[in-house]
Every structure is written in structure tokens, then in C-alpha cells.
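This is what each chain is made of:
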Amino acid sequence: MPQAGLWRSAPPKAWVAPPERAVWIPAGTPHSVRMVGAVRTRSVLIDQAASATLADTCRVVSVSPLLRQLLVAASEVPAEYVEEGRDGLVMALLVAEICLAPVIPIVVPFPRHTALAQRCHRFLECPRASETIDQWSDALAMNRRRFTRLFRRETGMSFAEWRQQACLSEALQRLAAGDSVTAIALDLGYDGPGNFSTMFKRVLGAPPSRYRAQ
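All of the points below concern the structure found in this document. Keep in mind that this is a model prediction, so the values were computed, not measured.

## Quick word on the sheet that holds strand β6 (residues 103–104)
Step number 1: The antiparallel open sheet is built from three strands, whose spatial order is β3-β5-β6. Among the strands making up the open sheet, the edge pair consists of β3 (21–24) and β6.
Step number 2: Of the strand pairs in this sheet, β3 and strand β5 (residues 59–62) are connected by four bridges, and their pairing is antiparallel. Each residue of the ladder has a partner; that of Trp-24, found in β5, is Arg-59.

## Section: the packing of helix α3 (residues 114–125) against helix α6 (residues 159–176)
Step number 1: Interhelical geometry of α3 versus α6 gives an angle of 40 degrees and a closest axis separation of 10 Å. On the basis of the axis angle, α3 is oblique to α6. Here α3 runs over α6; the crossing is right-handed. Here Cys-120, Phe-123 and Leu-124 of α3 come into contact with α6, specifically with Trp-162, Arg-163, Ala-166, Cys-167 and Glu-170.
Step number 2: Of the residues that constitute the contact of α3 with α6, the class distribution is six nonpolar, no polar and two charged.

## Overview of the layout of surface pockets
Empty space left among the atoms is revealed by rolling a probe the size of a water molecule over them.
Step number 1: Its volume calculated, the second largest pocket comes out at about 320 Å³.
Step number 2: For the second largest pocket, the lining is made up of 17 residues, of which Leu-45, Ile-46, Asp-47, Tyr-81 and Met-91 are closest to its centre.
Step number 3: Tallying contributions element by element places helix α2 (residues 86–100) first for the lining of the second largest pocket, with four residues.

Rules and cut-offs
- For every chain, the first residue of its written sequence is number 1, and the numbers climb from 1 along that sequence.
- Whole-chain, interface and lining totals are the exception, using all residues; otherwise, since this is a predicted model, local features are given only for residues with pLDDT of at least 70 and side-chain atom pairs are given and counted only at 80 or more.
- Computation of side-chain values covers all heavy atoms of the structure but excludes hydrogens and water.
- When DSSP finds at least two bridges between two strands, those strands are taken to pair.
- A run of H or I in DSSP becomes a helix once it reaches four residues, and a run of E becomes a strand once it reaches two; helices and strands are each numbered from the N terminus.
- Every axis in this analysis is a line fitted to C-alpha atoms, fitted for helices over the stretch in contact. Angles between the N-to-C directions lie between 0 and 180 degrees.
- Reported orientations rely on four angle classes, namely roughly parallel under 35 degrees, roughly antiparallel over 145, roughly perpendicular from 65 to 115, and oblique for the rest.
- Two helices that cross are described as forming a left-handed crossing if the nearer one is turned anticlockwise from the farther one by less than a right angle, and a right-handed crossing if clockwise.
- Here a residue-residue contact requires only that any non-hydrogen atoms of the pair lie within 4.5 Å.
- Side-chain classes are defined by residue name, with Ala, Val, Leu, Ile, Met, Phe, Trp, Tyr, Cys and Pro counting as nonpolar, Asp, Glu, Lys and Arg as charged, and the others, Gly among them, as polar.
- A cavity, in this analysis, means grid points on a 1 Å lattice covering only the protein atoms where a 1.4 Å probe fits yet has no way out; a pocket is instead an open set bounded by protein on both sides within 12 Å along at least five of seven lines, and a residue lines either one if it has an atom within 4 Å of a point.
- Grid points are joined across faces, edges and corners, and a volume is the space filled by probe spheres set on the points.

Have a look at this one:
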């Protein structure tokens, strides 16, 4: 499984897969991958017809011990196999487990509006939880109301939700690289590690120290 990976797809969105997580990418989805740290991954290709029961959008999912072993086993299954045999059972169970895997709620959608997209990409280069709607609307020469409407229409999220997702995306990559929770919290503009850890646990269900330990 990946130490940490950043997946980008079309339409433009970004997902981060920390350790013991996987990214489901539907067939025919253009995408790119960037790895962070020492990485080991396993990729399994599933026929579009066989994956009809799976989600039709990209998502990060939690990998249970059973799903992990199925991914290992499935990566060794030949492209042509007997569906009624052992390989067929492995692949069928793999699809069933992916269907049941809990979704990790981390995704950063990118707008198509040119000026707003440029601003979002610059933010991802140095995310700060302290940046405000007024700062962004002033930079884009928009009033606050127009900006908030445009942002939600383009990303499907409020500015605060998107900012949080962007900060979490950066935090997961840095945790995988071994950075301390305190350093990450301060660099992201939080008052201290306590506030950052509370937000992190509320969204992901576990404190950042656990992700760093993995």
C-alpha cells in the first residue's frame, strides 16, 4: 500500500491516500499520480463490466486486513483466468470488499473558472487555515457574495470546507514524510497542535499521531 500518494483526475480533483488506504478509480478516468516518501503500491485492474456495482467516481477507501490480502493476491492473478476457479473467487470477493470499504472523506475539487483555479493551485502550494473569504474575494476583485456563490458552484463546497480539505491533503502528505504534528499545525496556520489535532480527528476519526506512526 502507498506511503502517501496524491491522485489527480479529470474533472480536476485531488485525493490523498495515506498508509493502508487505497484509491478507487473507475474505468476510463484520466488521472495522474504523485508519490511521497518511500512507496510500495499494488494496482489491480478490474473489468468495467465486473465493476458495475462499484462507485462511478474516484474515492479513497480504508483497507481492511482482508482487503489488503485480496489486493496482494489479485495482483498476481493473470489477465485471463478461470472465473469458476480459485482466481475467480478471489476477484469476486475483492469487488465485494471494495464495495463495503469505508470511504475516507478527503477530496480537493478544482474549479474550471480560470482565475479561481489559479488561486486554488497557489493555495495548495502553501495552504493556510487562516486565509479568509475576504482575502480571496479581494484578490479576485469580487464582492463577498459573488465569490461565495462562484466558489460553491465551481467546487461543490463552501470555501471553509474546501480550505479544510486542502489543509488535510497537505497534512497527510507531510505526516507520511515524517514531519511532526506540531510543525505541520503551525505551518498550516493553526494556533497550535491541539486545534489542528481536534479538527483532524473530527474529520478522519483518528488523531494525526496515528497516521504519522503508520
